Amino acid sequence: MKLLEALQALKKAPADGEPFVVALACGFEPLHLETFLAAHLQRAMPARRVAVRAGLYGDLAGNVARLAHAGAAAAAVAIEWADLDPRLGLRNRGGWDPAGLPHVLESVRMRLSQIEAALSDAALPPVALCLPTLPLPPADCVPGWQAGHLALELHALVAGIAARVARGGVRVVDAQRLAEVSPPAQRLDVRAELRSGFPYALPHASAVAELFARLLCPPAPKKGLITDLDDTLWRGILGEAGVAGVAWDLDHHSQTHALYQQLLHSLAAAGVLLAVASKNDPDLVEQALAREDLLLPRDCLFPVEANWGQKSASVARILRQWNIGADSVVFVDDSPMELAEVKAAHPGVECVLYPTEDDAAAVALLSRLRDLFGKETITEEDGLRLASLRRHAAISDLAFRVSDLNDFLRQAEAELAVDFRKEPSDPRALELVNKTNQFNLNGVRLTEGEWRARLVRPGAFLLVAGYRDKYGPLGKIAAVAGRAEEGVLRIETWVMSCRAFGRRIEHGCLAALFERFGAAEAIFDFQPTPRNGPLQAFLGELLGAPPGPAARLTRERFAQACPPLFHRVREVTHD
C-alpha cells in the first residue's frame with residue numbers, strides 16, 4: 001500500500017461507523033506506521049471507524065504497561081533494538097566499546113523482562129507483537145559475515161520472550177512472512193531515522209502494518225476444500241495410467257503431490273472439510289483412494305463425487321451435503337476450464353489452479369492454502385466436524401423415513417449441556433459468532449476485544465450449548481449472549497452450527513435461558529441477512545409472524561409454540 005492509498009482509505013471511513021480503537025505501542029516516532037496500520041484495519045473493517053492511538057516517544061516499556069488501561073479494542077506492539085537499549089540505535093552517541101557490550105545485554109534483558117511482565121497482564125486487549133525488524137548497528141567486533149556473540153545473544157533473548165508470550169495468547173508477526181514481503185536490506189530509512197526518529201522505509205511500514213492488521217482482524221478461515229484428483233491429488237490420469245500408475249513421489253517427479261496430500265491431511269485434522277469432485281470412473285477412484293501409500297486417508301474425504309458429469313453439479317451436491325455457503329469453500333483443480341465452469345455456477349467459491357508443471361508454484365500453493373484455512377487454535381469441535389457430518393447425513397435419511405419426528409427424537413437419547421460460564425479464554429463461542437451464517441440472529445461479527453467487553457457488562461450472560469446423542473457427540477454447537485435485566489432477556493447474539501439443525505436444540509437453549517433467569521420475556525436483536533433464513537424461520541414459528549427488529553417473545557407464548565423436547569438438560573459446573 002502506498003501512503004496516498006492509505007490516506008484515501010482513511011477518508012472512506014464512515015463518519016457514523018462504530019469506533020474501533022487500536023493502541024500502538026512503540027518507542028520510536030509512529031508517524032507513517034500509525035497511518036498504515038489505521039488504513040489496513042479500515043480496509044479490513046469498512047463499516048467501522050478505525051482510530052489508532054500511539055504512546056510516548058522513547059518509552060516502549062511504559063507504553064506496553066499502559067495498554068491495560070488504554071480503553072482500546074486491540075493493541076499492536078512494535079519492538080526495535082533501540083527501544084531495548086539506545087546504544088543499539090543510530091540516534092545515540094557512544095557506547096560501542098567492547099567492554100560495554102555485556103552491559104548492553106544486561107540492559108536488553110531487563111527491558112524485555114519489563115515488557116514480558118506487561119504483556120502477561122490478563123486485562124490486556126488482544127495484542128499483536130512484532131519483534132525487531134531492523135539491522136543491528138556494527139557494534140560488535142566481528143566482521144559482518146560472521147554472527148557475533150552479541151547478535152546471537154540478542155536474537156535469543158527476543159525469541160525467548162516471543163515464545164513465552166505467544167503461549168499466553170499474544171499473536172506474534174511471523175518473521176519469515178515479513179521477510180517475503182519486505183526484504184531486510186530495504187527496511188531501514190537512515191535519513192528519516194536521524195531527522196525525525198521514524199526508522200522505517202515506507203514499504204516496510206506498510207508491510208508491518210498489514211501483518212499487524214491481519215493478526216488483529218484476521219479474515220474468517222475457509223471451512224471446506226474440494227479437490228480434483230488427476231494431476232492434482234496425484235500425478236497422472238487414472239483412467240489411462242491405472243490405479244498403480246498414478247504417483248506422488250520423488251522417483252516419478254511428483255513429490256509436490258505428496259506435499260499437497262500431507263497438507264490436506266493436516267487441514268482435515270484441524271477440522272477442515274475435504275471432498276472430491278473428479279471426472280472419473282467411481283470404482284477406479286475408490287481403488288486408488290484405498291492405496292496404502294496414499295498420504296491422505298480415505299476417511300478424510302466426504303463426499304467423493306466421481307462421475308462424468310459437470311463438476312459444478314458435483315460441487316453443488318457437496319455444498320448441500322456440507323450445508324455451508326459457497327463463500328466458505330475452496331476448489332482446487334489443474335484445469336482452468338473446470339475452474340471457470342465451477343466459478344460461473346458458484347461465484348462464491350474460491351477457485352485455485354493446481355500448477356502441475358511448476359514445482360515452485362505448487363509449493364507456494366501450499367502456503368496459500370494454509371493462509372486460507374489457518375486458525376489460531378484447534379478446538380474439540382474441529383475434530384468432531386467430519387464425523388458429525390457423516391452421522392447427520394445418515395440421521396437425516398433415517399429421520400426422513402420415520403413418519404413422526406417426535407418418535408425419532410424420543411429414541412435419540414440426547415443430552416443438551418448448557419454452560420453459563422462467561423469465559424473468554426474458550427475460543428469456541430466467538431468462533432461460532434464469526435463463522436456461522438444460517439442460524440445467526442443478525443450477522444454481527446465481533447473482534448476478541450469487543451467480545452470480552454460485552455461479557456463484562458452488568459447483567460451480561462453467555463450460554464454455550466453442547467450436544468450428544470446415541471449417534472455421537474457434536475461438541476459445542478450453539479452460543480447465546482446478551483443481557484438479563486428486570487425479568488427481560490435481551491438476546492444480542494445467537495448462533496448455532498448447521499450440524500445441529502433438526503434436533504430442537506435451539507428450543508432447548510431458549511427454554512434453558514427462561515428457566516435460568518426466570519424471565520417473562522425475551523427481546524431479540526434480529527436483523528435479516530442473505531443467509532439467515534433458518535433463524536428467521538425458527539423465530540417466525542415461535543412468534544406466529546415474520547420477525548422484525550427488537551422482536552418480542554413472552555415466556556407464555558414460547559411454552560405454547562415450543563414442540564416437545566426429549567433431550568436431557570445438564571448444566572455444566574466448574575470447580
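Position numbers for residues count from 1 along each chain, tracking the sequence in the order it is written. In view of the model being predicted, local features appear only for residues whose pLDDT reaches at least 70, and side-chain atom pairs are presented and counted only at 80 or more, with totals across whole chains, interfaces and linings using the full set of residues. The basis for every side-chain value is the complete set of heavy atoms in the structure, and neither hydrogens nor water enter the calculation.

This brings us to the packing of helix H13 (residues 311-322) against helix H14 (residues 336-345). Running from amino to carboxyl end, H13 crosses H14 at an angle of 50 degrees, the nearest separation of the two axes being 8 Å. On the basis of the axis angle, H13 is oblique to H14. Relative to H14, the crossing made by H13 is right-handed. Note on element contacts: H14 touches H13 through Glu338, Glu341, Val342 and Ala345, opposite Lys311, Ser312 and Val315. Three classes are used, and their members are as follows: Ala, Val, Leu, Ile, Met, Phe, Trp, Tyr, Cys and Pro are nonpolar, Asp, Glu, Lys and Arg are charged, and the others, Gly among them, are polar. Of the residues that constitute the contact of H13 with H14, the class distribution is three nonpolar, one polar and three charged. Lines fitted to C-alpha atoms define the axes here, with helix axes fitted over just the stretch in contact, and angles between the N-to-C directions of these axes take values from 0 to 180 degrees. Comment: elements are numbered from the N terminus, with helices defined as DSSP H or I runs of at least four residues and strands as E runs of at least two. Any angle between 65 and 115 degrees counts as roughly perpendicular, while under 35 counts as roughly parallel, over 145 as roughly antiparallel, and the rest as oblique. The handedness criterion is simple: a crossing whose near helix is rotated anticlockwise from the far helix by less than a right angle is left-handed, and one whose near helix is rotated clockwise is right-handed. We call two residues in contact when some of their heavy atoms are within 4.5 Å.

Viewed as axis vectors pointing N to C, helix H5 (residues 101-119) and helix H6 (residues 149-167) meet at an angle of 10 degrees, and their least axial separation amounts to 10 Å. In terms of orientation, H5 lies roughly parallel with respect to H6. On the side of H5, the interface is formed by Leu101, Val104, Leu105, Val108, Arg109, Leu112, Ile115, Glu116 and Leu119, while H6 contributes His149, Leu150, Glu153, Leu154, Leu157, Val158, Ile161, Arg164 and Val165. Split by residue class, the contact of H5 with H6 holds 13 nonpolar, one polar and four charged.

For two strands to be treated as a pair, DSSP must find at least two bridges joining them. The five strands lie next to each other as E2-E1-E3-E4-E5, forming an open sheet whose pairing is parallel. Of all strands in the sheet, those bounded by a partner on one side alone are strand E2 (48-54) and strand E5 (171-172). Across seven bridges, strand E1 (residues 18-25) lies against E2 in parallel orientation. Looking at E2, one finds that Val22 is bridged to Val52.

Source of the domain bounds: an automatic or database domain assignment. Taken domain by domain, the chain holds domain 1 (3-216), domain 2 (224-373) and domain 3 (405-571). A C-alpha centroid distance of 36 Å is found between domain 2 and domain 3. With five residues of domain 2 at the contact, the number on the domain 3 side is four residues. Take the accessible area each of two parts loses on contact, using a 1.4 Å probe, and add the two losses: that sum is the buried area. Between domain 2 and domain 3 the total buried area reaches about 330 Å² when both faces are included, carbon and sulfur atoms providing 27% of it. If you sort the residues of domain 2 by the area they bury against domain 3, Asn323, Gly325 and Asp327 come out on top, with a joint share of 80%.

Only Phe, Tyr and Trp rings are paired, with Trp represented by its six-membered ring, and only when their centres lie within 6.5 Å; those with planes under 30 degrees apart are stacked, over 60 edge-to-face, the remainder tilted. Within this structure, the stated rule accounts for 13 aromatic pairs. With a centroid separation of 5.8 Å and 65 degrees between ring planes, the pair formed by Phe198 and Tyr200 is classed as edge-to-face. Three or more aromatic residues link up through ring pairs in this structure, and these residues are Phe439, Trp494, Phe524 and Phe538. Charge-over-ring placement is defined geometrically: NZ (Lys) or CZ (Arg) within 6 Å of the ring centre, and within 35 degrees of the ring normal. The side chain of Arg516 reaches across the aromatic face of Phe420, ending 4.4 Å from its centre.

Turning next to the side chain of Ser206. Mapped onto the elements of the fold, Ser206 is located in helix H9 (residues 202-216). Here His40 takes part through its side chain, which lies 3.2 Å from a polar atom of the side chain of Ser206. Excluding anything up to four places from it in sequence, Ser206 contacts Met1, Phe36 and His40. Polar contact criterion, stated in full: a pair of N or O atoms within 3.5 Å, where within protein one must be able to donate a hydrogen and the other to accept it, and residues adjacent in sequence count only if both atoms are side-chain atoms.

With that settled, consider the state of the cysteines. Only a pair of cysteine sulfur atoms within 2.5 Å qualifies as a disulfide here. For the structure shown, the criterion picks out zero disulfides. Summary of cysteine pairing: Cys562 is not part of a disulfide, and the nearest cysteine sulfur, belonging to Cys509, is at 11 Å. Accessibility expressed as a relative area gives 18% for Cys562, which makes it buried. Relative accessibility thresholds used throughout: buried, under 20% of the residue-type maximum; exposed, over 50%; partly exposed, between the two (1.4 Å probe, protein chains only).

So, about the environment of Trp494. Residue placement: Trp494 occurs in strand E15 (residues 488-496). It is 39 Å that separates the C-alpha atoms of Trp494 and Leu295, two residues lying 199 residues apart in sequence.

Here we take up a nonpolar patch on the surface. Residues with no salt bridge and a relative accessible area higher than 30% make up the patches, which join like charges within 9 Å and nonpolar side chains (Val, Leu, Ile, Met, Phe, Trp, Tyr) within 5 Å. Computed with a 1.4 Å probe, the accessible areas rest on the Shrake-Rupley method; for each residue, only the protein chains presented here act as cover. Here, a salt bridge means any side-chain nitrogen of Lys or Arg that lies within 4 Å of a carboxyl oxygen of Asp or Glu. Among the surface-exposed residues, Leu90, Val190 and Leu194 lie close enough to one another that they form a single nonpolar patch of about 240 Å² accessible area. With respect to the helices and strands, the residue Leu90 is situated in the loop between helix H4 (81-84) and H5. By relative accessible area, which is 37% here, Leu90 ends up partly exposed.

Let us look at the pattern of salt bridges. A full pass over the atoms with the stated rule returns 34 salt bridges. Residue Glu448 is joined to Arg452 by a salt bridge in which the shortest nitrogen-to-oxygen separation is 2.7 Å. Of the two residues, Glu448 and Arg452 are both situated in helix H19 (residues 448-455); the distance of four residues between them amounts to about one turn of the helix. Judged by relative accessible area, which is 28%, Arg452 ranks as partly exposed.

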